[in-house]
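# Reading the structure
Chain by chain, the residues run as shown.
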Amino acid sequence: KSYFLNSKELKKSSNLVEPHNLEIHNRRYLGSKTKLIEFIKDIVTKECNDYNSFVDLFGGTGIVGHSFNSDNTKIIINDLLYSNYLSYKTWLDTDEYDIKKIKHIINALNSESINEENYVSKNFGNKFFTLKNAMKIGWIREQIDKLYKNREVNERERAILITSLLYALDKVANTCGHYDAYRKTLDLTQELVLCVPI
């Protein structure tokens, strides 16, 4: 079964490469607690030595909740940003997913070259992203919606694919970390590449 919804033929498998992996902390995010994890763990261990649940309010990237995730601990995490919710669903949810299918879809999406305008390219091309990357971002997002609508991916697989896209666009964004403004000089020209969240 092909999980690729573009009308073009999927490039031959010999042309596809194993996609790189992605970890929860691989994201530019002002206020991330990545460097504070050991300090936080020390305080929690000292003050709460025996616990079976951990609440991460305003979870941001989710790195704190993720670092306390274990078979013995229930994680409760929230944030106002839907993009963060998708990240939590990717790394902390217990719903089933098919990693081979995810890798296949990511390979297929990475292998395409897109030259059609879409919502993202019209609104964010040559500003937040190069025009080429913006066209690919918009196209990939549309493909993920089609896969979900056609029930070729489940809700968690959809979250994994969107999270992969969000982390990929973060690497090629013409910003300083937050998307309220972009740099006048568009000097980030690397190509958008999706990776597999592990």
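I will try to describe carefully the structure that is included in this document.

## Re the packing of helix 4 (residues 99-111) against helix 6 (residues 131-149)
Here helix 4 crosses helix 6 at 145°, and the two axes come no closer than 11 Å. At the point where helix 4 passes helix 6, the crossing takes the right-handed sense. Contacts between helix 4 and helix 6 involve Ile105, Leu109, Asn110 and Ser111 from the former and Lys136, Trp139, Ile140, Gln143 and Leu147 from the latter. Residues that form the contact of helix 4 with helix 6 fall into these classes: five nonpolar, three polar and one charged.

## Considering the layout of surface pockets
Looking at the second largest pocket, its volume works out to about 220 Å³. Around the second largest pocket, the lining residues are Asn69, Ile75, Ile77, Tyr85, Tyr88, Lys89, Leu92, Asp93 and Thr94. Elements with a minimum of two residues in the lining of the second largest pocket: strand 3 (74-77) and helix 3 (82-92). If you tally residues by element for the lining of the second largest pocket, the top one is helix 3, at four residues. Grouping the amino acids of the lining of the second largest pocket by side-chain chemistry returns five nonpolar, two polar and two charged.

Conventions used here
- Residues numbered from 1 in each chain as written.
- Predicted model: local features only at pLDDT ≥ 70, side-chain atom pairs only at ≥ 80, totals over all residues.
- Heavy atoms only, no water.
- Axes fitted to C-alpha atoms, helices over the stretch in contact; angles between N-to-C directions.
- Helix = DSSP H or I, 4+ residues; strand = E, 2+ residues; numbered from the N terminus.
- Left-handed = near helix turned anticlockwise from the far one by under 90°.
- Contact = heavy atoms within 4.5 Å.
- Nonpolar A, V, L, I, M, F, W, Y, C, P; charged D, E, K, R; others polar.
- 1 Å grid on protein atoms, 1.4 Å probe; cavity = no way out; pocket = protein on both sides within 12 Å on 5 of 7 lines; lining within 4 Å.
- Points joined across faces, edges and corners; volume = space filled by probe spheres on them.

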